[in-house]
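Tertiary structure, described
Now for the letters of each chain:
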Amino acid sequence: GAQAAKQDQTGSQTGSVMDQINQMFGNVGQAGDGGAQLTDDMVRRFLAVVKELRAQGQNVQPGTAGTAGIAAVAAYDAGMLSTLKAHGFTLQSWATTLGLVTSAMAGMEIKKETSDPNLNAQFEAQRKSIEQAKDLSPAAKKQILQQMEEQKKNMVVARQHDDPNATAVRPYLAQLQAVFGK
């Protein structure tokens, strides 16, 4: 609602990881996506819109502001609104699709990064290095090791999580990465 619009406009950060993720990914999974799932058609239309908006000089990036931010841009840019409508998007459905595509792309990247077979060995080597570090206090070592364990747990969860929207995005991943400069 109004508070979400205000947050989108101010870009405020509270410092929590979820707030940062929401800010990066346009409040994915909130404010009306209703558990939406991407289809092949949605991703194709999304890609067509991004290409057209880029040709019009719009800098569409993964994680651009949510609905309020898109509405603000569209209010000043009839070309953007016309392009969205020509491809069957409303401001809300565009914001939702942008968030879902972005989330799926990010999830696929995290899964790729966390699937490295040498990852456990790398963590173990880092752990030993920290334990043996002479320039770190015992308290600092403990804190760093706890953070590493938390990271490791998060990576295991990321490996096990399979975003259902990745199935729709995967065939278009190279094209999406190309238009987003990734």
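Starting afresh in each chain, residues are numbered from 1 along the sequence in its written order. Thresholds applied to this predicted model are a pLDDT of at least 70 for local features of residues and 80 or more for the giving and counting of side-chain atom pairs; totals over whole chains, interfaces and linings are not thresholded and use all residues. Excluded from the side-chain calculations are hydrogens and water; all other atoms, namely the structure's heavy atoms, are used.

Moving on: the overall build of the chain. Helix and strand content of the chain: 10 helices and 0 strands. Each helix corresponds to a stretch of at least 4 residues labelled H or I by DSSP, and each strand to a stretch of at least 2 residues labelled E; elements are numbered beginning at the N terminus. Taken from N to C terminus, the helices and strands of the chain fall in the order α-α-α-α-α-α-α-α-α-α. Between buried and exposed lies partly exposed: a residue is buried under 20% and exposed over 50% of the maximum accessible area for its type, with that area taken using a 1.4 Å probe on protein chains only. Buried residues in the chain amount to 31% of all 182 residues. Total accessible area on the chain is roughly 10800 Å²; 54% of this is exposed by carbon and sulfur atoms. What sets the accessible areas is the Shrake-Rupley method with a 1.4 Å probe; for residues, cover comes only from the shown protein chains.

Looking now at the packing of helix α3 (residues 40–55) against helix α6 (residues 91–114). Across the interface, α3 lies against α6 with an axial gap of 11 Å and an inter-helix angle of 100°. In terms of orientation, α3 lies roughly perpendicular with respect to α6. On α6, the residues touching M42, F46, V49, V50 and L53 of α3 are W94, T97, L98 and V101. Just so you know the grouping, Ala, Val, Leu, Ile, Met, Phe, Trp, Tyr, Cys and Pro go in nonpolar, Asp, Glu, Lys and Arg go in charged, and all remaining residues, Gly too, go in polar. Of the residues assigned to the contact of α3 with α6, the class counts are 8 nonpolar, 1 polar and no charged. Each axis is a line fitted through C-alpha atoms, taken for helices only over the stretch in contact, and angles between the N-to-C directions span 0 to 180 degrees. For this classification, under 35 degrees means roughly parallel, over 145 means roughly antiparallel, 65 to 115 means roughly perpendicular, and everything else is oblique. Contact between two residues is taken to exist if any of their heavy atoms lie within 4.5 Å; hydrogens are not considered.

Each residue carries a pLDDT value, the predictor's own confidence for that position, ranging from 0 to 100. Chain-level statistics for the chain give a pLDDT mean of 73 and a share of 69% at 70 or above. The weakest mean pLDDT in the chain belongs to helix α2 (residues 17–24) at 37; the strongest belongs to α3 at 91. Here residues 1–34 is modelled with pLDDT under 50, and outside its nearest four sequence neighbours on either side it reaches 33 contacts, counting other chains as well.

Pairs can form between side chains of opposite charge once their charged atoms are near each other. Basic side-chain nitrogens of Lys or Arg form a salt bridge, by our definition, when they fall within 4 Å of a carboxyl oxygen of Asp or Glu. Counted by the stated rule, this structure contains 5 salt bridges. Between D40 and R44 there is a salt bridge whose closest N-O contact spans 2.9 Å. Remark: R44 and D40 occur in helix α3; sequence separation between them is 4 residues, near one turn of the helix. Since its relative accessible area comes to 36%, D40 is described here as partly exposed. Using a relative accessible area of 42% as the deciding quantity, one classes R44 as partly exposed. Between R44 and D41 there is a salt bridge whose closest N-O contact spans 3.7 Å. Of this pair, R44 and D41 both sit in helix α3, 3 residues apart, which is roughly one turn of the helix.

A word on the packing of α3 against helix α5 (residues 78–86). Interhelical geometry of α3 versus α5 gives an angle of 160° and a closest axis separation of 10 Å. Considering their axes alone, α3 and α5 lie roughly antiparallel with respect to each other. For α3 against α5, the interelement crossing comes out right-handed. Listed contacts from α5 to V49, E52 and L53 of α3 are M80, T83 and L84. Looking at the contact of α3 with α5, its residues break down into 4 nonpolar, 1 polar and 1 charged. The crossing is said to be left-handed when, going from far helix to near helix, the turn is anticlockwise and less than a right angle, and right-handed when the turn is clockwise.

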